[in-house]
Amino acid sequence: MVAPRKTLDRLFTDSEGFAHPAGGDAVNPTRRGFLAVGCLCLACSFAGPVFADAPMAKSRAPKFYRLMVGDFEVTALSDGTNMLPATKLLQGDPARIEDALKRDYLGDVVETSHNSFLVNTGAKLVLIDAGAGSLLGPTTGQLLSNLRASGYRPEQVDELYLTHLHTDHVGGLMAGGDRVFPNAIVRADKRDTDYWLSEANMRAAPAEAKRFFEAAAASITPYMRAGKLAVFEGDTDLVPGVRAQAAYGHTPGHTMYVVESKGEKVVLWGDVVHVAAVQFKDPSVTIGYDGNASEAANVHRLAFADAAKNGYIVGGAHISFPGLGRVRRDAENVYTYVPLSHD
């Protein structure tokens with residue numbers, strides 16, 4: 001029996017080890033500078049300082065980023081962030097992991113982006129991953145607002161491709177009992193749907209893991225009942241210019257999506273990388289969420305090597321927004337992530 005959506009919302013307020021950041025938004029530096037100059041000028045006329053009695057805005061600008069890939073438009077969409085306890089979840093040499101975090105001025109807990117990607121081929125509008133919806137608390141679930149801010153509406157999405165069926169990638173498929181993307185065909189690798197939609201697997205799972213099966217079923221089943229779920233197996237051409245590429249390990253059917261147009265290419269990695277500061281320097285480092293750590297580490301090595309050799313853009317679900325960049329390899333075969341410059 002699939003748990004009611006309301007129950008799932010409670011179960012996932014702190015799922016997958018993510019915690020919520022305690023701080024608020026920073027004051028806009030331009031506004032700060034303006035107020036500072038104003039105070040200096042007023043100080044010439046008044047004996048004491050004068051301050052504006054205005055409430056803090058505590059709001060964020062829309063987060064989307066657009067680039068062209070040949071004739072295709074690719075838009076990175078933020079679903080928000082969560083705090084990831086990196087030193088607890090990353091699997092590898094603890095001293096090397098801690099050193100890598102310190103080199104990038106990071107602590108034991110790292111703010112982690114949740115990114116989805118919208119591909120407009122001109123003929124089809126394809127969304128890759130649906131975000132967390134309401135299942136991971138108030139710091140995520142921002143995909144829809146950013147989708148609309150970018151100039152699109154959820155009913156315009158023709159195809160929705162899932163890299164895998166973890167909660168932070170499927171939770172946004174449903175809202176208030178309704179399909180958020182009513183006209184979209186949802187596609188995923190059969191290995192993942194077979195695993196996460198299996199009641200037998202859910203019954204056999206440890207108690208703390210059952211909620212992930214429940215979330216996948218609650219998010220996917222309404223599309224399946226509407227005839228909107230289509231599965232594929234392994235490397236598959238989906239629509240012209242977009243194809244699935246198997247990257248099994250993180251989950252049984254974890255998939256990357258390759259976008260190509262007029263000789264330009266972007267490979268959307270899904271969860272190949274969770275903590276860029278650590279894993280690019282050491283591809284053998286995995287994370288506690290990986291279903292098969294050895295397979296996941298092998299995917300890291302293959303994905304990094306191919307991206308560095310061929311120089312195409314990669315997109316990561318959990319690399320700092322917009323999650324787009326290239327991979328460079330030095331003479332000692334050490335990888336570095338080079339984010340795209342953006343305004």
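Here, the structure is the one placed above.
None of the values given here were measured: they were computed from a predicted structure.

Brief notes about the sheet that holds strand β18 (residues 335–339)
Note on sheets: strands pair through backbone hydrogen bonds, and any given pair is parallel or antiparallel. With respect to topology, seven strands assemble into an open sheet ordered β11-β12-β13-β14-β16-β17-β18, the strand pairing being mixed. What marks the edges here is a single partner per strand, and that holds for β11 (236–239) and β18. Going across the sheet, the axis of each strand differs from the next one's by a mean of 30 degrees, ignoring polarity. Sheet contacts for helix α11 (residues 293–310): β14 (264–270), β16 (313–316), β17 (324–329) and β18; angle to β17, the most-contacted strand, approximately 90 degrees.

Regarding the pairing of β18
With five bridges joining them, β17 and β18 adopt antiparallel strand pairing. Residue pairing for β18: Arg326 is matched across the bridge by Val338. Following β17, the chain reverses through five residues before pairing antiparallel with β18; Asn333 in that reversal takes a positive phi of roughly 60 degrees.

Digging into the packing of aromatic side chains
For the coordinates displayed, the defined rule picks out ten aromatic pairs. An aromatic cluster is present here, built from Trp269, Phe280, Phe304, Tyr335 and Tyr337 joined pairwise through their rings. Its end group placed over the ring of Tyr223, Arg179 keeps NZ or CZ at 5.8 Å from the ring centre.

Here we look at the sheet that holds strand β5 (residues 125–128)
Strand order in this open sheet of seven strands is β1-β2-β4-β5-β6-β9-β10, and the pairing throughout is mixed. This sheet does not close on itself; its edge strands, each paired only once, are β1 (64–69) and β10 (229–232). Geometrically, the sheet is characterised by an average inter-axis angle of 25 degrees between neighbouring strands, direction not taken into account. With four bridges joining them, strand β4 (residues 109–120) and β5 adopt antiparallel strand pairing. Across the sheet, residue Leu118 finds its bridge partner in β5, namely Leu127.

Looking at unusual backbone geometry
The omega torsion across Phe321 and Pro322 is 10 degrees, close enough to zero to call that bond cis. Take Pro322: it is sitting in the loop between β16 and β17. The phi dihedral of Asp129 falls on the positive side, at around 80 degrees, and the residue is not glycine. With respect to the helices and strands, the residue Asp129 is situated in the loop between β5 and α5 (143–149). Of note, Asn333 is a non-glycine position whose phi angle comes to about 60 degrees, a positive value.

Examining the nonpolar core
The nonpolar side chains of a soluble globular protein tend to be buried, and buried together. One finds Leu160, Leu162, Leu173 and Phe181 to be the most contacted residues of the largest nonpolar core, which totals 30 residues. Those elements that place two or more of their residues in this core are β5, α5, β9 (185–189) and α9 (210–225). Setting aside chain neighbours within four positions, we find Leu162 in contact with Asp129, Ala130, His169, Val170, Leu173, Val186, Arg187, Ala188, Ile220 and Tyr257. In this structure, Leu67, Phe117, Val126 and Ile313 belong to the second largest nonpolar core, which totals 24 residues.

Side note on the side chain of Thr163
Inspection of the secondary structure puts Thr163 in the loop between β6 (159–161) and α6 (167–170). Among the polar contacts made by the side chain of Thr163, one reaches the side chain of Asp129 at a distance of 2.9 Å. Among the polar contacts made by the side chain of Thr163, one reaches the side chain of His164 at a distance of 2.9 Å. Beyond its immediate sequence surroundings of up to four residues, Thr163 is in contact with Ile128, Asp129, His169, Gly253, His254, Thr255, Tyr257 and Gly270.

Notes on the pattern of salt bridges
Close approach of charged atoms allows side chains with opposite charge to pair. Throughout the structure, instances matching the rule amount to nine salt bridges. For Asp71, the salt bridge identified is with Lys262, shortest N-O distance 3.5 Å. Of this pair, Asp71 sits in the loop between β1 and β2 (72–85) while Lys262 is found in the loop between β13 (255–261) and β14, placing the two residues 191 residues apart along the sequence. Using a relative accessible area of 67% as the deciding quantity, one classes Lys262 as exposed. Note that Arg243 and Glu260 form a salt bridge whose closest N and O atoms lie 2.6 Å from each other.

Overview of the environment of Glu155
Looking at where Glu155 falls in the secondary structure, it is placed in the loop between α5 and β6. Taking the C-alpha atoms as reference points, Glu155 and Phe181, separated by 26 residues in sequence, lie 5.4 Å from one another. Filtering out sequence-adjacent residues up to four positions away, Glu155 remains in contact with Pro182 and Asn183. Here the side chain of Glu155 touches Arg153 through a polar contact of 2.9 Å, side chain to side chain.

A closer look at helix α4 (residues 94–103)
Looking at α4, one finds that the buried residues are Ile97, Ala100 and Leu101. All buried residues of α4 project into a common sector of 100 degrees when viewed along the axis, lining one side. In α4, the exposed residues that point more than 90 degrees away from the buried face are Arg96 and Lys102. The opening residue of α4, the one whose side-chain oxygen lies 2.9 Å from the backbone nitrogen of Ala95, is Asp93. After α4 finishes, the residue Tyr105 shows a positive phi value of roughly 60 degrees.

The rules behind the values
- Note on numbering: residues in each chain are counted from 1, in written sequence order.
- Reporting in this predicted model follows two pLDDT cut-offs: at least 70 for local features of residues, and 80 or more for side-chain atom pairs to be given and counted; totals over whole chains, interfaces and linings ignore these cut-offs and use all residues.
- By convention in this description, side-chain values take in all heavy atoms of the structure and omit both hydrogens and water.
- At least two DSSP bridges between two strands are required for those strands to pair.
- Secondary structure elements follow DSSP: runs of H or I of four or more residues count as helices, runs of E of two or more count as strands, with numbering from the N terminus.
- Under this scheme, a helix contributes an axis fitted over its contacting stretch, all axes are lines through C-alpha atoms, and angles between N-to-C directions fall in the 0 to 180 degree range.
- Between two residues, a contact is recorded if the distance between any of their heavy atoms is within 4.5 Å.
- In this analysis, rings of Phe, Tyr and Trp, with Trp reduced to its six-membered ring, are considered paired at centre separations within 6.5 Å, and the interplanar angle assigns stacked below 30 degrees, edge-to-face beyond 60, and tilted for intermediate values.
- Comment: the charge-over-ring label is applied if NZ (Lys) or CZ (Arg) is within 6 Å of the ring centre and within 35 degrees of the ring normal.
- Buried residues of nine kinds, namely Ala, Val, Leu, Ile, Met, Phe, Trp, Tyr and Cys, make up a nonpolar core once their side-chain atoms join them within 4.5 Å.
- Only protein chains enter the accessibility calculation, which uses a 1.4 Å probe. A residue is then buried if its area is under 20% of the maximum for its type, exposed if over 50%, and partly exposed in between.
- Polar contacts here mean pairs of N or O atoms no more than 3.5 Å apart (in protein, one a potential hydrogen donor and the other a potential acceptor; neighbouring residues in sequence count only if both atoms are side-chain atoms).
- Any Lys or Arg side-chain nitrogen found within 4 Å of a carboxyl oxygen on Asp or Glu counts as a salt bridge.
- Arc definition: it is the arc formed by the directions from the helix axis to the C-beta atoms.

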